[in-house]
Amino acid sequence: MKAMVLRKITDLAKNTSPLELVDLPIPVPRDNEILVKVSACGVCHTELDEIEGRTPPPRLPVVLGHQVVGRVAATGSQARRFQLGERVGVAWIYSACGKCRFCLSGNENLCAAFRATGRDAPGGYAEYMVVPEDFAYRIPAAFSDVEAAPLLCAGAIGYRSLRLANLQDGQSLGLTGFGASAHLVLMMARHKYPHSPVFVFARSARERAFALELGAAWAGATEDKSPEKLASIIDTTPVWKPVVEALQNLEPGGRLVINAIRKEEVDKEYLLRLDYPAHLWLEKEIKSVANVTRDDVREFLELAAAIPIRPEVEEFALEEANQALVELKLRQIRGAKVLRVA
Ligand SMILES: [Zn+2]
Ligand SMILES: [Zn+2]
């Protein structure tokens, strides 16, 4: 099968072809695994973190990709959940132990044995992949394969961040950064909390215009003061400036949720502007978001179909994965980037 593999950690600014097209044997599903014939795989900012070593795969080479849609092509001897040919999705959570206190309390995303698709196990930048059947999802009929792919990460983790924001309907919400995840969060927030005004902080005028189009009450630049103090803010950027700027827009007791697996180092000195009384005092909280649970993915897919959310997608061939990654790095974003595999 064709696959795009990462052989070594590298800097995308210097190496614009980090992945190599190779021919690999089709994997064989064991026991409770299913073989998925991949039709679409989303391209995620986390792949940049893997390639550049901020969350490095434990073994190389590896097939990246954790927003996978395809059809069941074979089943292991113990796998019973799906029929051959059934459409399934695979998300960032590839497996967890199922026995620890985190797994048993609904926080399998925090399990010490958490394994991520396309980092700790081969992912969807390939024609086929295997996954434990309990970690695959039925995809609502409302979505095409390419539409469903970006929902599996940006959407599911956006859903988790919104959950962790602890918002009550009517309280004001801020979003800093307005990429794939944030625009989905805005749509979810408008649906779940119809009386909550949403304030968007984004670098580009185009992103701000898009936010207003989608129903934001206000849109400004990263360093702007919002017209009112906000109960919660969700940060979806890869850098530090928006974190510091967001904290001063929080109301007393407000919560900042940072939805990023890693932050880049480029503007870390911005943290020195942190002023305790302005940014943290009055019981403001900062909470990060780690991974997703299967419930996040399932609940989000249902919500997305009910709203309905139709992500804007930009398609690339599997062989064009490097181009998609470089454009993502350069923030040339016209909708979620998706590899069309078959
Ligand atoms: Zn992702
Ligand atoms: Zn566990």
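Up top is the structure these notes are about.
Notes on the structure in this doc start here. What you are looking at is a predicted structure, and each value in this text was computed from that prediction instead of being measured.

With that out of the way, let us pick up unusual backbone geometry. The residue after L60, namely P61, is reached through a cis peptide bond having omega -5 degrees. Among the secondary structure elements, P61 is positioned in the loop between α1 (45-51) and β4 (62-63). In this structure, D31 takes a positive phi of about 30 degrees despite not being glycine. If you trace the backbone, D31 turns up in the loop between β2 (19-23) and β3 (33-42). A residue is classified by how much of its surface remains accessible, and D31, at 47% relative accessible area, is partly exposed. Although it is not a glycine, N291 adopts a positive phi angle of roughly 60 degrees. Topologically, N291 is positioned in the loop between β16 (285-288) and α8 (294-306).

Counted according to the given criterion, the structure contains 23 salt bridges. Notably, a salt bridge pairs R160 with D296, separated by 2.8 Å at the nearest N-O pair. Taken together, the residues R160 in helix α3 (residues 145-164) and D296 in helix α8 connect sequence positions 136 residues apart. We note that R160, like D296, is buried. Here E314 and K337 are joined by a salt bridge, their closest N and O atoms 3.0 Å apart.

This part is about the coordination of the zinc ion (ligand 2). Protein coordination at the zinc ion (ligand 2): the donors are C97 (SG), C100 (SG), C103 (SG) and C111 (SG), at 2.3 to 2.4 Å from the metal. The coordination sphere of the zinc ion (ligand 2) comprises four donor atoms, whose angles at the metal cover 106 to 114 degrees; the geometry is tetrahedral. Within one chain, the residues donating to the zinc ion (ligand 2) are spaced in sequence as C-x2-C-x2-C-x7-C. In this structure C97 comes out as partly exposed when scored by relative accessible area, which is 30%. Using a relative accessible area of 14% as the deciding quantity, one classes C103 as buried.

Helix packing for two helices is described by the angle between their axes and how far apart those axes are. As a packed pair, α3 and helix α4 (residues 180-192) sit with axes 8 Å apart at the nearest point and diverge in direction by 50 degrees. Considering the angle they form, α3 stands oblique to α4. The handedness of the crossing between α3 and α4 is right-handed. On the side of α3, the interface is formed by L151, A154, G155, I157, G158, Y159 and L162, while α4 contributes A180, S181, L184, V185, M188, A189 and K192.

Moving on to the sheet that holds strand β1 (residues 2-6). Note on sheets: strands pair through backbone hydrogen bonds, and any given pair is parallel or antiparallel. If you trace the three strands from one edge of the open sheet to the other, you get β2-β1-β4, paired in antiparallel fashion. Among the strands making up the open sheet, the edge pair consists of β2 and β4. Two strands pair when backbone bridges link them, and β1 and β2 are joined in this way by five bridges, in the antiparallel orientation. Each residue of the ladder has a partner; that of A3, found in β2, is V22.

Attention shifts here to the coordination of the zinc ion (ligand 1). Bound to the zinc ion (ligand 1) on the protein side are C44 (SG), H66 (NE2) and C153 (SG), at distances that span 2.0 to 2.2 Å. Read in sequence order, the donor residues coordinating the zinc ion (ligand 1) give the pattern C-x21-H-x86-C. Residue C44 is found in the loop between β3 and α1, and its partner C153 is found in helix α3; the two are separated by 109 residues along the sequence. We classify C44 as buried; its relative accessible area is 11%. In this structure C153 comes out as buried when scored by relative accessible area, which is 10%.

Moving on, we come to the sheet that holds strand β15 (residues 250-258). Read from one edge of the open sheet, six strands run β13-β12-β11-β14-β15-β16, paired in parallel fashion. Every interior strand has two partners, whereas the edge strands, β13 (218-220) and β16, have only one. Across the sheet, the axes of successive neighbouring strands diverge by a mean angle of 20 degrees, strand direction being ignored. Inspection of the sheet shows strand β12 (residues 198-201) paired to β13 by three bridges, in the parallel sense. Counterpart to F199 in the pairing with β13 is W218. Packed on one face of the sheet, α3 meets β11 (173-176), β14 (230-235), β15 and β16 and runs near 155 degrees to β15. Running at roughly 170 degrees to β11, α4 makes contact with β11, β12 and β14 of the sheet.

The final tally for this structure, using the stated rule, is four aromatic pairs. Centroid distance F199 to W218: 6.2 Å. Interplanar angle 45 degrees. Geometry classified as tilted. Of this pair, F199 sits in strand β12 while W218 is found in strand β13, placing the two residues 19 residues apart along the sequence. Accessibility expressed as a relative area gives 19% for W218, which makes it buried. Site record: aromatic cluster; members linked through ring pairs are F199, F201 and W218. The ring of W240 carries the charged tip of K263 above its face, separated from the ring centre by 5.9 Å.

The rules behind the values
- Residues numbered from 1 in each chain as written.
- Chains lettered and ligands numbered in written order.
- Predicted model: local features only at pLDDT ≥ 70, side-chain atom pairs only at ≥ 80, totals over all residues.
- Heavy atoms only, no water.
- Helix = DSSP H or I, 4+ residues; strand = E, 2+ residues; numbered from the N terminus.
- Buried < 20%, exposed > 50% of the residue type's maximum accessible area, 1.4 Å probe, protein only.
- Salt bridge = Lys/Arg side-chain N within 4 Å of Asp/Glu carboxyl O.
- Donors = N, O, S within 2.8 Å, 3.2 Å for Na, K, Ca; no water.
- Tetrahedral: all angles 85-135°; square planar, octahedral: opposite > 155°, others 65-115°.
- Axes fitted to C-alpha atoms, helices over the stretch in contact; angles between N-to-C directions.
- Parallel < 35°, antiparallel > 145°, perpendicular 65-115°, else oblique.
- Left-handed = near helix turned anticlockwise from the far one by under 90°.
- Contact = heavy atoms within 4.5 Å.
- Pairing = 2+ DSSP bridges.
- Phe/Tyr/Trp six-rings, centres within 6.5 Å; stacked < 30°, edge-to-face > 60°.
- Lys NZ or Arg CZ within 6 Å of the ring centre and 35° of its normal.

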